[in-house]
Amino acid sequence: MNRQFDKIDIGSLELKDQVVSINRVTKVVKGGKNLSFSALVVVGDSAGHVGYGMGKAREVSSAIKKGVEAAKKNIVRVPITSKGSTIPHTVTGRYGSGSVLLKPASEGTGVIAGGPVRAVITAAGIQNILTKSLGSTTAHNVVKATVDALTRLKQPERVARLRGKQISDIMTEGKHRRSTMEQRPRAPREGAIEGVVEPGASPAPVAATAPVAATAPVTEAPSAETTPAAAPDAPPAAPEE
């Protein structure tokens with residue numbers, strides 16, 4: 001889906017450039033080797049505007065200069081909340097095999113990111129955010145996936161205007177949806193073994209069993225068949241004559 005971006009006048013922005021990576025490329029030709037450099041650069045004004053670009057040249061300085069010029073042509077606007085200096089909602093950006101997850105964070109959290117993601121987030125001016133790189137670790141893919149995630153962000157004012165609702169109603173719906181998803185029980189995975197608790201799933205409660213009362217040992221009465229009967233007393237024998 002092609003997203004439409006507003007035209008930004010870069011002449012009024014105080015852009016600062018930051019080099020993300022420099023790659024040396026050697027091309028073997030008939031006469032020897034040709035050495036060149038490619039630079040990936042990120043520019044931003046730390047106030048909601050960020051862009052990236054790549055430059056190639058025989059010298060490092062020339063490659064960085066070309067990258068800065070290319071980055072200024074790809075400036076995008078990033079919505080940042082006035083409270084907490086974070087993003088409005090959770091979003092995932094993708095480019096190629098790279099995938100980056102961005103989540104809003106409370107004030108005082110800081111920028112939890114590393115490498116290329118931190119360069120883009122810092123240039124945009126976001127001060128509190130949680131990030132996670134889920135796919136490729138190539139600098140080009142990570143930077144482009146991060147910028148793609150930032151361009152997918154939606155401003156609460158614009159969403160409320162499109163839906164014909166108040167901003168408070170939009171924020172309440174989001175909180176209710178998150179709480180409902182957290183309380184929803186997880187369905188058992190197909191092929192799961194019964195009795196084995198999966199990671200992240202809470203074990204089922206065990207029903208309490210009543211204690212078994214101790215019973216006195218039962219002794220069996222001797223049976224009449226096995227117990228010999230007592231012989232009656234025989235009369236005294238008569239005396240012989």
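Here, the structure is the one placed above.
Residues numbered from 1 in each chain as written. Predicted model: local features only at pLDDT ≥ 70, side-chain atom pairs only at ≥ 80, totals over all residues. Heavy atoms only, no water.

Colleague: Would you take a moment to explain unusual backbone geometry for this structure?
Modeller: Residues other than glycine predominantly adopt negative phi, and peptide bonds predominantly adopt the trans conformation. In this structure, Ser46 is a non-glycine residue whose phi angle is positive, near 60 degrees. Among the secondary structure elements, Ser46 is positioned in the loop between strand E2 (32-44) and strand E3 (49-57). Ser46 sits in the partly exposed class, given a relative accessible area of 46%. (Helix = DSSP H or I, 4+ residues; strand = E, 2+ residues; numbered from the N terminus. Buried < 20%, exposed > 50% of the residue type's maximum accessible area, 1.4 Å probe, protein only.)

Colleague: Explain the sheet that holds strand E8 (residues 129-133) to me, please; I cannot follow it from the model alone.
Modeller: An order of E5-E6-E8-E7 is seen for the four strands of this open sheet, with the pairing classed as mixed. A single partner strand is all that each edge strand has here, and the edge strands are strand E5 (91-95) and strand E7 (111-112). The pairing of E7 with E8 spans two bridges and is classified as parallel. Note that in E8 the partner of Val111 across the bridge is Ile129. (Pairing = 2+ DSSP bridges.)

Colleague: I keep staring at the sheet that holds E3 and nothing clicks. Help me out?
Modeller: Strand pairing in a sheet is mediated by backbone hydrogen bonds. Such pairs are either parallel or antiparallel. With respect to topology, four strands assemble into an open sheet ordered E1-E2-E3-E4, the strand pairing being antiparallel. Of all the strands in the sheet, just strand E1 (16-29) and strand E4 (76-77) have a single pairing partner and so form its edges. Here eight bridges tie E2 to E3, and the two strands are oriented antiparallel to one another. Opposite Ser38, over in E3, you have Lys56 as the bridge partner.

Colleague: Is there a simple way to think about helix H2 (residues 116-124) in this case?
Modeller: For an α-helix the count is 3.6 residues per turn, leaving residues at separations of three or four pointing the same way. The buried count for H2 comes to seven of nine residues, which makes it a mostly enclosed element. Restricting attention to buried positions, one finds in H2 the residues Pro116, Val117, Ala119, Val120, Ile121, Ala123 and Ala124. Where H2 ends, the next residue or the one after it, Gly125, has phi of about 95 degrees, a positive value.

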